[in-house]
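Summary of structural features
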Amino acid sequence: MRKQQADSSQDSVLNRTSYSESINVLGVRISAVNLESATGLIQTAIEEGRKEYVCVRDAHGVVRCQDNPELRSIHNRAFLVTPDGMPLVWALKRAGHTESDRVYGPDLMLSVFDAGSSKGLRHFLYGATAETLEQLQARLLAKFPQARIVGSYAPPFRKLSTLEETEIAEQLNRSGADVIWVGLSSPKQELWMAHMRDHLEASMLIGVGAAFDFHAGLKRQAPRIIQRSGFEWAFRLLCEPRRLWRRYAVVVPTFISLTAFQRLGLRKFPIEDAVFGSSAPKAAAVKV
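A few points on the structure. This structure is a prediction, so every number in the text was calculated from the model and none was measured. Sequence order as written defines residue numbering, which begins from 1 separately in each chain. Residues qualify for local features only when their pLDDT is at least 70, as the model is predicted, and side-chain atom pairs are given and counted only at 80 or more; totals for whole chains, interfaces and linings, by contrast, use all residues. The basis for every side-chain value is the complete set of non-hydrogen atoms in the structure, without hydrogens or water.

**Here we look at the overall build of the protein**
- Strands here mean DSSP runs of E at least two residues long; helices mean DSSP runs of H or I at least four residues long; both are numbered from the N terminus. Tallying secondary structure elements over the protein gives 12 helices and 9 strands in all.
- We call two residues contacting when some pair of their heavy atoms lies within 4.5 Å. Of the contacts made within the protein by residues no fewer than 6 positions apart, 75% connect residues no fewer than 24 positions apart.
- Taken as a whole, the protein presents about 13,600 Å² of accessible surface, with 53% of it coming from carbon and sulfur. Areas reported as accessible are Shrake-Rupley estimates using a 1.4 Å probe. Residue values count occlusion only from the protein chains shown.

Now the structure itself:
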């Protein structure tokens, strides 16, 4: 893919991978989509037999990309990077994409399941624990009786060996899945999707993070009014203060200040699509 330069968050560019427009937010290409259009693009890509992956992104993830060139590159090579946070939705609307709206990971999962039920779309659930996957599958089938869930796998909480990766890829390919839902923490799920993409036959890999826990009934989602307010981070912080206070103490002021610099033209954040291979320098450690 050609490198595309877009130094302002107000500059829209055509994402040649997904055929959707996007904007540059701190050097990360955010797709100009809403839930309906994102679902439609994913469906079309599957029907065309394309092999892609989708990142569901919020402000926290954009900030993490600042110190990690590999992670930033992974996002910029994705089929879609959906706006999973109101600050990103507001940036899209400021850039003139008035139809864009939040594409929340749990909502995207339900939307694709719903749209694919009548078409026999085959789903595989990858991530979380065996117990979570069991509850998740039961709840999804209760909601979508016609859905075809062709398998699930709970990976170990450690780095996989080469042999394990090969065996998992074979299992996923044998399932005949069209969509592999990846429910790992970020950025682990984005790194996994980019690394495994060429080894998997499924058309679409979609990283939805905590959606597995939400739909399994193990975690509470913020009320819709809070989700739409831009203060969902505060709700999450109240729910898990020990785990999240350091994250948001850095993310919120960093995102506000950097986006202000970008909008005022005080700092440039070019879009870079460089591919990082095994011989590439290791990316800086994520500290957020």
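Moving on from the model shown.
**Let's talk about the sheet that holds strand β6 (residues 122-127)**
- The rule for pairing is simple: two strands pair if DSSP sees at least two bridges between them. With parallel pairing, the 6 strands of this open sheet are ordered in space as β5-β4-β9-β8-β6-β7. Unpaired on one side and paired on the other, β5 (80-83) and β7 (148-153) mark the two borders of the sheet. Each strand of the sheet is rotated relative to its neighbour by a mean of 20°, with strand direction disregarded.
- Both strand β4 (residues 52-57) and strand β9 (residues 204-207) contribute to a ladder of 4 bridges, which runs parallel. Note on method: axes are straight lines fitted to C-alpha atoms, helices fitted across the in-contact stretch only, with angles between N-to-C directions ranging 0 to 180 degrees.

**Considerations on the pattern of salt bridges**
- Salt bridge criterion: a side-chain nitrogen from Lys or Arg within 4 Å of a carboxyl oxygen from Asp or Glu. One pass over the structure, following the stated rule, counts 7 salt bridges.
- The partner of K119 in a salt bridge is E47, and the shortest N-O contact between them spans 3.1 Å. Remark: E47 occurs in helix α1 (residues 35-47) and K119 occurs in the loop between α5 (105-117) and β6; sequence separation between them is 72 residues.
- A simple rule labels every residue: compare its accessible area, found with a 1.4 Å probe on the protein chains alone, to the largest value its type can have, and call it buried under 20%, exposed over 50%, or partly exposed in between. Residue classification places K119 among the exposed residues on the basis of a relative accessible area of 53%.
- The network of salt bridges with shared partners includes R57, D58 and E190.

**Section: the packing of helix α3 (residues 69-76) against helix α8 (residues 188-196)**
- For the pair α3 and α8, the least separation of the axes is 10 Å and the interaxial angle reads 65°. Viewed along their axes, α3 and α8 adopt a mutual orientation that is roughly perpendicular. When you trace α3 past α8, the crossing you get is left-handed. Taking contact as the criterion, the partners of E70, L71, I74 and H75 in α3 are, on α8, E190, L191 and A194.
- Of the residues assigned to the contact of α3 with α8, the class counts are 4 nonpolar, 1 polar and 2 charged. What sets the label is the angle itself: under 35 degrees gives roughly parallel, over 145 gives roughly antiparallel, 65 to 115 gives roughly perpendicular, and the rest give oblique. Two helices cross in a left-handed way if the nearer one is turned anticlockwise from the farther one by less than a right angle. They cross in a right-handed way if the turn is clockwise. Put simply, Ala, Val, Leu, Ile, Met, Phe, Trp, Tyr, Cys and Pro go in the nonpolar bin, Asp, Glu, Lys and Arg in the charged bin, and everything else, Gly too, in the polar bin.

**Here we look at the environment of V103**
- On the secondary structure map, V103 appears in the loop between α4 (86-94) and α5.
- Residue classification places V103 among the buried positions, given a relative accessible area of 0%.
- The spacing of V103 and V33 is 70 residues in sequence and 7.6 Å in space, taken between C-alpha atoms.
- Filtering out sequence-adjacent residues up to four positions away, V103 remains in contact with V33, N34, L35, A38, V56, T82, P83, D84 and L108.

**So, the packing of aromatic side chains**
- Geometry of aromatic contacts follows a simple scheme: Phe, Tyr and Trp rings, the Trp one being its six-membered ring, pair when their centres are within 6.5 Å, and the pair is stacked under 30 degrees between planes, edge-to-face over 60, tilted otherwise. Scanning the entire structure with this criterion turns up 4 aromatic pairs.
- Grouped by ring-pair contacts, the aromatic residues F113, F144 and W181 constitute a single cluster.

**Some thoughts on unusual backbone geometry**
- A cis amide bond links S186 with the next residue in sequence, P187, at an omega value of 10°.
- By secondary structure assignment, the location of P187 is in the loop between β8 (179-183) and α8.
- Positive phi values are uncommon outside glycine, yet L26 reaches one of about 55°.
- Following the sequence through the fold, L26 ends up in the loop between β2 (20-25) and β3 (28-31).
- The class for L26 is buried, based on a relative accessible area of 1%.
- A positive phi angle, near 60°, is found at A128, a position not held by glycine.
- Among the secondary structure elements, A128 is positioned in the loop between β6 and α6 (130-143).

**A look at the pairing of β3**
- Taking every second residue as pointing to the same face, both faces of β3 are buried, with V28 and I30 on one and R29 and S31 on the other.
- Alignment of β2 against β3, held across 4 bridges, turns out to be antiparallel. What sits directly across from N24, in β3, is R29.
- Connecting the antiparallel pair β2 and β3 is a turn made up of 2 residues, with L26 showing a positive phi of about 55°.

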